[in-house]
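Here are the chains, one letter per residue:
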Amino acid sequence: MTALGLRSAKNSQGGFMVSEGMYVNMTGLEYTITKVGTDNCSRFHTKTSDVGCWNVAVGESLEQFRVFVGGEEIGLIWGSILDPQEVISSDETISIDPDQSIPNAFEETLYRLAGRYVGLLASGDYDRLYMDPGGFLPVVYRTGQVREIASSPAMLSIDYDEQFREDLYNRFETDNGVWLPGRQTYHNGVRRLLPNHYLNLESWESRRHWPCEGDLSDGHDLETAADTILSNTNEIIDHAIGKYDTLYSSLTAGRDSRLLLAASHKHSLNGDVNYFTFGSDDRLDEDLYAAKIIANDVEIHWESIPRRYASESEQDQWLRKTGHSVGSGIMEIHPTLASISGDARLVGLGGEIGRGYYWEKGDDLDTTLTPRNTLNRMNRPKEPELIEEVSEWLDEVSEEDTYTTLDLLYQEFRLGCWAGPQQLGSAPVIDLIGPLCYRSTIKAMHMIPPEMRGEDSAVPHMIEQQWPELTKLSFNEFEDYRKYESLARKAINNPKEAMRRVMSLFV
């Protein structure tokens, strides 16, 4: 019995069988794309559309906007979308500039949208598929003769278990999770589209569309970068508050969640944004420690949400919905997100691009990156499949300096292959908004002077501008005796990171 035939069986909870005896409950974020005239599994979705020679079927949680040029329909964009630059008309359509080339005009339109989305360009002369800058609405596609695209391998008409690469999965399953960087997936004949790339629907090849020559040539200017990042983030949060009845944001000991808090200063004081932190019985939980202090100091609405751990069945559901690409901690506690009663939540994903996440001490513009030392920076195994994958990617960005390459690496491999796929396993009723993962903001992050990015000092500078009180508490560490107890634990769990922190105490 084929996987497609198996998936016609629907259970009472709205799930579909992807292999013998295994149902996957839908989150509402799923979509599938096939050629018009073929079976597109439309029974999974509430909305279907024909665009050019492609049929698109999308989940009930996703918005759709048709794209026109000169009155002719040439595309469709779907997802959970915010429109800070008012690209979308009152009739829920988008018109692009007829004086530009169609691909350039379509790309510029996508760059002006925020949120998670996929954009299909089907003009006849150009057939392409794009995704948002973080890959928060994932794209996977079959590589054989069958032209089929979906949000996850579970939505493709394949035999999920038969094509699952169990040997590869078992080799990569480590304490750091199972995420697989690059275009590979854990299924034979299925590839992943990376952020900053489009899928050419004629040649069925992935091609880079950003950055192009000149996109990152504005030099390094902290104040210009900070103004752009803060202005964009403020505007996106303003639009989110206008769109959603109840908006939540996580509050941790880290920089990015505090930057979002600073950017939503007035809204937070007015109670327009609600904050939460995962609860814990661990006395060395830095996130809970910092969140309690901050919430009390600045008097925002905050709560600790008790952690709910996933059962074995729920973990299996999670793995299949995410294509087995995200495991470890988030998989184990993902039911906790269902406790959030809001319509949407803000996340700081993407802020790491502006903080040199994969930079190492001693790096400069010309530091040589090899497949092996690049995998080491990502804490990924140096397996032949990944060495080949990273080697091809490094060739693709060979004209970029080392800093830019490492920041693209984070955006494309960490966000696109880990942060994006996990959204398919999370609570279905809550939209996800990543204000920092916005094209103009990402471009501005590349303008932050390298010395500030390497020292993680740019974000505190921006927080100071927006809400100075938030900089009184240190980031990611205790300010009492627990600092040293915490360092001891980290030395056991992650010696490299612990040594970095110890050395910072003497600088």
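Computed from a predicted structure; not experimentally measured. (Residues numbered from 1 in each chain as written. Predicted model: local features only at pLDDT ≥ 70, side-chain atom pairs only at ≥ 80, totals over all residues. Heavy atoms only, no water.)

Draft legend 1. Structural context of the sheet that holds strand 12 (residues 148–150). If you trace the six strands from one edge of the open sheet to the other, you get 4-5-3-12-11-13, paired in antiparallel fashion. Each edge of the open sheet is held by one strand with a lone partner, namely strand 4 (47–51) and strand 13 (190–192). Averaged over neighbouring strand pairs, the angle between their axes works out to 20 degrees when direction is ignored. (Pairing = 2+ DSSP bridges. Helix = DSSP H or I, 4+ residues; strand = E, 2+ residues; numbered from the N terminus. Axes fitted to C-alpha atoms, helices over the stretch in contact; angles between N-to-C directions.)

Draft legend 2. Here's a closer look at the sheet that holds strand 16 (residues 247–250). Read from one edge to the other, the open sheet built from five strands follows the order 18-17-16-19-20, with strand pairing classed as parallel. Because the sheet does not close on itself, it has two edges, and the strands there are strand 18 (302–305) and strand 20 (431–433). The mean angle between the axes of side-by-side strands here comes to 30 degrees, regardless of whether they run parallel or antiparallel. Pairing of strand 17 (residues 273–278) with strand 18 involves four bridges; the strand directions are parallel. Residue pairing across strands places Thr277 opposite Ser304, the latter belonging to strand 18. Relative to the sheet, helix 7 (residues 286–298) contacts strand 17 and strand 18, its axis offset from that of strand 18 by approximately 160 degrees. (Contact = heavy atoms within 4.5 Å.)

Draft legend 3. Fine view of the pattern of salt bridges. Applying the stated criterion to the full structure yields 22 salt bridges. In this structure, Glu205 engages Arg207 in a salt bridge whose closest nitrogen and oxygen atoms are separated by 3.1 Å. The class for Glu205 is partly exposed, based on a relative accessible area of 41%. Taking the relative accessible area as the measure of exposure, Arg207 reaches 35% and is therefore partly exposed. Taking the shortest distance from any N to any O, the salt bridge between Arg453 and Asp407 comes out at 2.2 Å. One end of the pair, Arg453, is in helix 14 (residues 450–454); the other, Asp407, is in helix 12 (residues 402–422), and 46 residues separate them in sequence. The exposure classification of Arg453 matches that of Asp407, with both residues buried. Overlapping salt bridges, with partners in common, bring together Arg183, Arg208, Glu396 and Glu412 in one network. (Salt bridge = Lys/Arg side-chain N within 4 Å of Asp/Glu carboxyl O. Buried < 20%, exposed > 50% of the residue type's maximum accessible area, 1.4 Å probe, protein only.)

Draft legend 4. View of the pairing of strand 7 (residues 72–82). Across the 11 residues of strand 7, nine count as buried, placing the element largely inside the fold. Taken together, the seven bridges between strand 6 (residues 63–69) and strand 7 define a ladder with antiparallel strand orientation. In the sheet register, Val67 faces strand 7, and the bridge partner there is Gly75. Between strand 6 and strand 7, which pair antiparallel and follow one another directly, the connecting turn spans two residues, one of which, Gly70, has a positive phi of 55 degrees. One ladder, built from eight bridges, connects strand 7 with strand 9 (residues 114–122); its direction is antiparallel. Within strand 9, the position partnered with Ile77 by the bridge is Gly119.

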